[in-house]
Amino acid sequence: MGQFEGRAVACFRGGRMVFQDLSFALAPGGAALVLGPNGSGKSSLLRLLAGLLKPAAGNLIYDGRPVAADPDLHHGRIAYLGHLNAIKAVLSVRENVATWLPGGAAASTAADAALERFGLLPLAAQPARLLSAGQRRRLALARLTARGGKIWLLDEPSVGLDRESQRSLEAVVARHRAAGGLVFLASHTAIELPDAIELNLSDHRPDRLPELIW
Amino acid sequence: MSAFLGLILRDLRLALRQRADAVLTVLFFALTAMLFPFAVGPETNLLQRLAPGVVWVTALLAVLLSLERLFLADLEDGSLDLLALGTLPLELVVLAKIVAHWLTTGLPLIFATPVIALLYGLPADDIVRLIAAMCLGTPSLSLIGAIGASLTLGARRGGVLIPLLVLPLYVPTLIFGVAASEAVTAEIAVRPQLLFLGAIFLVMLLVAPLAGAAALRQALE
């Protein structure tokens, strides 16, 4: 496990600078809470950390090596949960997890273990289209824990979750960190994340362009 | 390799659960091809002459119908993000999805072809030749189509854009496919036509995954 660092990272999307000059360093077991109002670039930051977006400036460094040098290697470290749950309505709850795991029968066992953690095991054989919004989120979280990865990127993971599920989420995040994993979490609801550093994107707003300077 | 096969199996399983999509493509193919005899009249010579062209053009249109969902479904529900972050390089993801697309679209069309050919009164020899050409040509249709499908992902009304983009690229496959199918009646050699179909397939086998993956990376940004 290595340290994950960002050095003066900037993100440019849709013809404007979203944030700039963002630096951070997370040691193994570390967590970062990504804060900022709507539209301040929290999701963009997480996609950028995943390697789905390229930084407009600055560097991401993992374990002393730039991430851009080997994007595929970096992708292998990432467990990403976006706004969308990536659930196929026609597959069963279990299949929705198992299709993302390697190995035939072993995948099914691993999927069940992950579903158990989020209380979805009783629904495992049901088609996913019957799930409620909160259950879908839990299913996406179960898949994330089953797939694993050193760096967890969670974009509003608690949307639609009941209190018990939120505690399960906090528990799996704590266990992941105890094993030396990293977590980046963007959320508007209070999620317990002890000793997390805060990345407040409103502090990294780009300077307004001097439009009327002439 | 197992991740590659796993992705093909996943897509096949999804297609199996949503059988209507594949069935509709084949029905469209069969029904459109059946319209021509009604339009041009039941003259056997004319129908035999028309058959290869009709089969190829309708097969091509049927494939077009199925292209829009190829990557769009995965983009819309977020699966594409996970596929891009998976262990499989994006080029192989594209290739796996193309293989699954051919198995659920091209292959059923090939199975439906003898039925159409019989309706047009094609002799057995010609049917065999037509099917051989289809086996070599339809994979290219899926490969070329995937480029169009991936390029139009970000666009509004991408489904309308795909035919405009893809149809011109289908022309070589169409020309050599029809030529290979009717070589005997037109008194030209079959072998060169089949070789050209094979060449188009090999080139596209290389180009489509590269182009498709590049387009997907753009769409994910």
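Just above, that's the structure.
Visitor: Outline the overall build of chain A, supporting the account with residue identities and numerical values.
Guide: Looking only at helices and strands, chain A features 6 helices and 9 strands. With the principal axes as the frame, chain A shows a C-alpha extent of 65 × 35 × 30 Å. Split into buried and exposed, the 214 residues of chain A put 40% on the buried side. Here the analysis covers contacts within chain A between residues at least 6 apart in sequence; of these, 71% occur between residues at least 24 apart.

Visitor: How would you explain the sheet that holds strand E5 (residues 65-66) of chain A if you had to name every residue and give the values?
Guide: Residue and element names in this part refer to chain A. Ordered in space as E2-E1-E4-E5, the 4 strands form an open sheet in which the pairing is antiparallel. Edge positions in the sheet fall to strand E2 (16-26) and E5, since each has one partner strand and no second. This element, helix H1 (residues 42-50), spans strand E1 (4-13), E2 and strand E4 (57-62) of the sheet and lies at about 120° to E1.

Visitor: Would you mind going over helix H7 (residues 124-151) of chain B in detail, with residue names and values included?
Guide: The first and last C-alpha atoms of H7(B) sit 40 Å apart over 28 residues, in line with the 40 Å expected at 1.5 Å per residue. With 21 of 28 residues buried, H7(B) lies mostly within the body of the structure.

Visitor: Please give an account of the interface of chain A and chain B that cites residues and values.
Guide: With 18 residues of chain A at the contact, the number on the chain B side is 17 residues. For the side of chain A that touches chain B, the element with the most residues is helix H2 (residues 71-77) of chain A, which contributes 3 residues. For the side of chain A that touches chain B, the residue count by class is 11 nonpolar, 5 polar and 2 charged.

Visitor: For the sheet that holds strand E8 (residues 182-186) of chain A, give the residues involved together with the corresponding values.
Guide: Think of a sheet as strands paired side by side through backbone hydrogen bonds, with each pair either parallel or antiparallel. Residue and element names in this part refer to chain A. With respect to topology, 5 strands assemble into an open sheet ordered E6-E7-E8-E3-E9, the strand pairing being parallel. If you trace the sheet from one side to the other, it starts and ends with strand E6 (78-81) and strand E9 (197-200), each paired once. Each strand axis lies, on average, 15° off the axis of its neighbour in the sheet, ignoring direction. As judged from the 4 bridges shared by strand E3 (residues 31-35) and E8, these two strands associate in the parallel manner. Bridge pairing links Ala31 to Val183 in E8.

Visitor: Talk me through the packing of H7(B) against helix H8 (residues 158-181) of chain B; I want residue IDs and the actual numbers.
Guide: Residues and elements named next belong to chain B. Contact geometry for H7 and H8: axes closest at 9 Å, N-to-C directions at 165°. Between H7 and H8, the crossing angle belongs to the class labelled roughly antiparallel. The two elements H7 and H8 meet at a crossing, and its hand is right-handed. Contacts between H7 and H8 involve Arg129, Leu130, Ala133, Gly137, Ser140, Leu141, Ile144, Gly145, Gly148, Ala149 and Leu151 from the former and Ile162, Leu165, Val166, Leu169, Tyr170, Thr173, Gly177, Ala180 and Ser181 from the latter. Considered class by class, the residues forming the contact of H7 with H8 number 12 nonpolar, 7 polar and 1 charged.

Rules used in this analysis
Residues numbered from 1 in each chain as written. Chains lettered and ligands numbered in written order. Predicted model: local features only at pLDDT ≥ 70, side-chain atom pairs only at ≥ 80, totals over all residues. Helix = DSSP H or I, 4+ residues; strand = E, 2+ residues; numbered from the N terminus. Buried ≥ 20, exposed ≤ 12 C-beta atoms within 10 Å, placed from the backbone. Contact = placed C-beta atoms within 7 Å. Pairing = 2+ DSSP bridges. Axes fitted to C-alpha atoms, helices over the stretch in contact; angles between N-to-C directions. Expected span 1.5 Å × (residues − 1). Nonpolar A, V, L, I, M, F, W, Y, C, P; charged D, E, K, R; others polar. Parallel < 35°, antiparallel > 145°, perpendicular 65-115°, else oblique. Left-handed = near helix turned anticlockwise from the far one by under 90°.

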